[in-house]
Amino acid sequence: MPSQSARQASDRPFYASYGWAYDLLMTDPVQPWTDMVTATLDAAGITAPARILDAGCGTGRHAADLARRGYRTELLDASASLLAVARARLPQAPAHRADLCTLDLGTRYDVITCRGVLNDLLDDADRDAAVAGLARHLKRTSVLFLDVRETNGTRQRYAGSLTSQRTADLDDGHLTFHATGTYKDGLLHIRERHEHHHHGTVDTAIYELTMRPWSTGELHTRLGRAGLTITRIRPGIGRATNDRLVCIAVPTDSRHHTPEGDK
């Protein structure tokens with residue numbers, strides 16, 4: 001059975017029906033993240049053209065910037081719509097449509113980056129499976145970068161509820177994205193509404209989803225079970241809010257530990 005993350009990638013209108021507009025609505029800057037990745041890898045002696053898997057690449061913005069810096073970047077996502085946009089952006093990059101919980105590409109990478117998608121996994125078994133799958137695709141000297149929602153920051157940000165709205169102008173009208181999030185019992189419940197105004201008509205899509213943030217303790221526990229050692233946890237990079245964490249990890253039997261190259 002597909003994981004919650006894979007099912008959401010197929011069903012969520014933000015990914016499936018409106019993947020073509022994702023970059024118009026989600027505009028967090030790419031460079032702070034890729035600067036951090038590059039600096040950390042340089043400090044660890046991993047330089048271009050090292051091989052990077054962007055697991056949960058979305059539309060490929062971050063992967064494209066890493067490719068411009070000389071890395072051999074591969075794309076992976078569970079959403080066919082988002083992966084199609086990423087493929088168009090990076091036509092020479094190998095691309096994989098896969099579920100992180102059953103990941104088996106038959107190869108290992110110098111670097112794996114994974115932003116956001118681990119929040120969609122609600123079950124303990126799926127979380128362990130996804131982390132173990134990523135670990136299986138690392139070399140002994142590889143580095144793993146995770147970007148996840150953080151429990152306390154998410155609780156504080158969505159105390160009560162929080163509503164946001166974004167609008168993108170299109171050639172034939174406009175697209176409005178409206179989301180309301182509520183935190184309860186360790187889970188973030190989100191209700192999304194898309195309204196596509198074009199040629200005098202309005203197409204509406206409504207979707208409800210649930211996310212489960214991560215604590216630093218859980219990151220240490222689950223990564224440790226997968227044979228990984230965390231070398232640094234820090235606030236999110238390139239995010240406009242304070243409810244994200246960046247976790248940098250290496251295989252426990254690695255001969256190197258990544259210095260804090262972005263200081």
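None of these values were measured; they are calculated from a predicted model.

A. Just the overall build of the chain, in detail. Scanning the chain from N- to C-terminus turns up 8 helices and 11 strands. At 18 Å, the chain has a C-alpha radius of gyration in line with the 18 Å of a compact globule built from 263 residues. Once the C-alpha set of the chain is aligned to its principal axes, its extents read approximately 60 × 45 × 40 Å. The burial tally for the chain puts 51% of its 263 residues in the buried class. Taking the contacts inside the chain whose residues are at least 6 apart along the sequence as the reference set, 61% of them involve residues at least 24 apart. Carbon and sulfur atoms make up 47% of the accessible area of the chain, which amounts to about 11600 Å² in all. Between the averaged position of the 32 positive side-chain charges in the chain and that of its 32 negative side-chain charges there is a distance of 4 Å.

B. Focus on the sheet that holds strand 4 (residues 109–115). Taken together, 7 strands build an open sheet; the order of strands is 3-2-1-4-5-11-10 and the sheet is mixed. Looking at the sheet topology across the chains shown, the edges are occupied by strand 3 (95–97) and strand 10 (228–235). The average angle at which neighbouring strand axes cross in this sheet is 15°, direction not considered. In this sheet, strand 11 (residues 244–251) lies alongside strand 10 in antiparallel orientation, the contact comprising 7 bridges. Each bridged residue has a counterpart across the sheet, and for Arg 232 the counterpart in strand 11 is Ile 248. The strands touched by helix 4 (residues 61–68) are strand 1 (51–55), strand 2 (72–77) and strand 4; relative to strand 2, the strand with the most contacts, the crossing angle is about 170°. Lying on the sheet, helix 5 (residues 80–89) is in contact with strand 2 and strand 3; it crosses strand 2 at an angle near 160°.

C. The sheet that holds strand 8 (residues 187–198), seen in detail. Strands sit in the order 6-7-8-9 across an open sheet of 4 strands; the sheet is antiparallel. A single partner strand is all that each edge strand has here, and the edge strands are strand 6 (162–170) and strand 9 (201–211). Averaged over all pairs of adjacent strands, the angle between strand axes in this sheet comes to 15°, irrespective of strand direction. Note that strand 8 and strand 9 share 11 bridges and pair antiparallel. Bridge pairing in strand 9 links Leu 188 to Met 211.

D. Examining unusual backbone geometry more closely. That bond from Ala 48 to Pro 49 is cis: its omega, 15°, falls within 30 degrees of zero. You will see that Asp 185, though not glycine, has its phi angle at about 55°, which is positive. For His 199, which is not a glycine, the phi torsion comes out positive at approximately 50°. Here His 199 lies in the loop between strand 8 and strand 9.

E. Inspection of the pattern of salt bridges at higher detail. Counted by the stated rule, this structure contains 21 salt bridges. Salt-bridge contacts for Arg 115 lead to Asp 54; the nearest nitrogen and oxygen are separated by 3.2 Å. Note that Arg 115 is positioned in strand 4 and Asp 54 in strand 1, a separation of 61 residues in sequence. As far as the burial class goes, Arg 115 and Asp 54 line up, both buried. A salt bridge links Arg 212 to Asp 124, with the nearest nitrogen and oxygen atoms 2.9 Å apart. Highlighted residues: Arg 212 in the loop between strand 9 and helix 8 (216–225) and Asp 124 in helix 6 (residues 124–136), separated in sequence by 88 residues.

F. View of the environment of Pro 29. Summarising the element assignment, Pro 29 is placed in the loop between helix 2 (22–25) and helix 3 (31–43). Classification of Pro 29 by relative accessible area gives partly exposed; the value is 46%.

Basis of the calculations
Just so you know, the residues in each chain are numbered from 1, in the order the chain's sequence is written. Reporting of local features is limited, given that this is a predicted model, to residues whose pLDDT is at least 70; pairs of side-chain atoms are given and counted only at 80 or more, and all residues count toward the totals for whole chains, interfaces and linings. Water and hydrogen atoms play no part in the side-chain values, which are based on all heavy atoms of the structure. Numbering of helices and strands starts at the N terminus; helices are DSSP runs of H or I of at least 4 residues and strands are runs of E of at least 2. To get the radius of gyration, use the C-alpha atoms; to get the globule rule, take the number of residues to the power 0.38 and multiply by 2.2 Å. Only protein chains enter the area calculation, which uses a 1.4 Å probe; residues under 20% of their type maximum are buried, those over 50% are exposed, and those in between are partly exposed. Whether two residues touch is decided by their heavy atoms; if any such pair falls within 4.5 Å, the residues are in contact. Under the convention used here, a 1.4 Å probe and the Shrake-Rupley method define accessible areas, while residue burial counts only the protein chains that appear. Counted as positive: Lys and Arg. Counted as negative: Asp and Glu. His and the chain ends are not counted at all. Each charge is placed at NZ for Lys, CZ for Arg, CG for Asp and CD for Glu. When DSSP finds at least two bridges between two strands, those strands are taken to pair. In this description, a line fitted to the C-alpha atoms serves as the axis of each element, helices being fitted only across the stretch in contact, and the angle between N-to-C directions of two axes falls anywhere from 0 to 180 degrees. What counts as a salt bridge is simple: a side-chain nitrogen of Lys or Arg found within 4 Å of a carboxyl oxygen of Asp or Glu.

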